[in-house]
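Residue strings, one per chain:
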Amino acid sequence: MGDDETRAEDEAQAELDAVIDGCRGSHRALLDTVSGLDERDVRAPSRLEGWSRGHVLTHLARNADSHTRMLGAALGGEAVEQYAGGREERAGAIEQGAGRPVSDLRADIQRSTAELEAAWSAMTPGAWAGHGLTRGRPWPCRTLPYFRWREVEIHRVDLGLGYEVTEWPDEYVRRELPLLLATVPDRLADGAERRRLLAWLSGRAPTSGHLDLAAWESRPRNYLGSISRR
C-alpha cells in the first residue's frame, strides 16, 4: 500500500471516529433530556405535524435498532434492509410505541442507544467496508454513524423541549451544511428558480426572491445523495 492510500485510510478512520464521538455526545444529551420527562411531557405535541413527543422518541429508538440491525449483518458479511418489513413496518412500530408510559419510552431509548454504540465498538475494518440497504439501495456502513447523528440532532429540536437549532454543534453543522446545500438545485421547482438563486449567489441580483424548495426528506435521492460525498 502506497503512502497516499495509507494517508487516505487514516483520514477516513479519523473522520469516522470524530463522527462517532460527536454522535455519542448527542446521545448523552438526548438521554439527559429524556430522563427528566413525565407522562404529560411525552403526550404533548412535538414540532412535527401529527406526532407527539412519544412518536419522536419511538422513532429515534427504532432508528437506532435499524442501524444496529444493518451493522450486525455487515459483521457477518451480509447486507440487510434497514427495516425488515420496510417503511410500513417502520410506521407501524412508531405508531404502536408512541403511547407507551414514559418509563417504557425512556428504557427503550436507553437500550437502543446503548446497543447501537456497542455495535459501533464491535465493527471491524471489513465490516465497516460493508453496507446495509434502504429501499433496496446500498447504504455504506461507514456513513451510518453520520446519519444517526443527523437523526438525533434534528429530532432533538423537533421534541420542542428547549433545544434549538442555534445550539447544534459546530462540528455537526460543518458537515451537514454542505450536504444539504448540494441538494438545493434538485429541490427547486424549475429552471427559473435555479437561475434566480444562481444570480444571487454570483452577486448579480440583490436577492434570490421567493423559492419553492421541496422538503429534502421527501426525495430519497437527496437524502441519500450525501452518501457519495462522504
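As the structure is a prediction and not an experimental result, all values here were calculated from the model.

What counts and how
Residues numbered from 1 in each chain as written. Predicted model: local features only at pLDDT ≥ 70, side-chain atom pairs only at ≥ 80, totals over all residues. Heavy atoms only, no water. Helix = DSSP H or I, 4+ residues; strand = E, 2+ residues; numbered from the N terminus. Rg over C-alpha atoms; globule rule 2.2 N^0.38 Å. Buried < 20%, exposed > 50% of the residue type's maximum accessible area, 1.4 Å probe, protein only. Salt bridge = Lys/Arg side-chain N within 4 Å of Asp/Glu carboxyl O. Axes fitted to C-alpha atoms, helices over the stretch in contact; angles between N-to-C directions. Parallel < 35°, antiparallel > 145°, perpendicular 65-115°, else oblique. Left-handed = near helix turned anticlockwise from the far one by under 90°. Contact = heavy atoms within 4.5 Å. Pairing = 2+ DSSP bridges. Expected span 1.5 Å × (residues − 1). Arc of directions from axis to C-beta. Disulfide = S-S within 2.5 Å.

(A) Molecular detail of the overall build of the protein. For the protein, the helix and strand inventory stands at 11 helices and 2 strands. The linear arrangement of helices and strands in the protein, starting from the amino end, is α-α-α-α-α-α-β-β-α-α-α-α-α. Its C-alpha atoms give the protein a radius of gyration of 19 Å, near enough to 17 Å, the size a compact globule of 230 residues would have. By principal-axis analysis of the C-alpha atoms, the protein measures approximately 55 × 55 × 30 Å. Counting over 230 residues, the protein shows a buried share of 41%.

(B) How the structure looks around the pattern of salt bridges. Under the criterion given, the structure shown has 15 salt bridges. Across the pair Glu164 and Arg47 runs a salt bridge, and its minimum N-O distance is 2.8 Å. Of this pair, Glu164 sits in the loop between helix 7 (144-158) and helix 8 (170-181) while Arg47 is found in the loop between helix 2 (39-43) and helix 3 (53-75), placing the two residues 117 residues apart along the sequence. In this structure Arg47 comes out as partly exposed when scored by relative accessible area, which is 45%.

(C) Representation of the packing of helix 3 against helix 4 (residues 86-97) within the structure. As a packed pair, helix 3 and helix 4 sit with axes 8 Å apart at the nearest point and diverge in direction by 130°. Judged by the angle between their axes, helix 3 and helix 4 are oblique. Remark: the crossing between helix 3 and helix 4 carries right-handed chirality. Judged by residue contacts, His55, Thr58, His59 and Arg62 of helix 3 engage Arg90, Ala93, Ile94, Glu95 and Gly97 from helix 4.

(D) Summary view of the pairing of strand 1 (residues 131-134). In terms of strand pairing, strand 1 meets strand 2 (residues 137-140) through 4 bridges, oriented antiparallel. Each residue of the ladder has a partner; that of Gly132, found in strand 2, is Trp139. Between the antiparallel neighbours strand 1 and strand 2 lie 2 residues, among them Arg135 with a positive phi of about 55°.

(E) How the structure looks around helix 8. Taking 1.5 Å per residue as the helical rise, helix 8 with its 12 residues ought to reach 16 Å, and the 16 Å between its terminal C-alpha atoms agrees with that figure. All buried positions along helix 8 are accounted for by Tyr172, Arg175, Glu176 and Leu179. Buried residues of helix 8 fall within an arc of 90° about the axis and therefore sit on the same side. Along helix 8, exposed side chains directed more than 90 degrees from the buried face belong to Asp170 and Leu181. Against the buried residues of helix 8 lie helix 1 (3-35) and helix 7.

(F) Structural view of the state of the cysteines. Per the counting criterion, the structure on display carries 0 disulfides. Left without a disulfide partner, Cys23 is nearest to the cysteine sulfur of Cys141, which lies 15 Å away. Taking the relative accessible area as the measure of exposure, Cys23 reaches 0% and is therefore buried. The class of Cys141 is buried, set by a relative accessible area of 0%.

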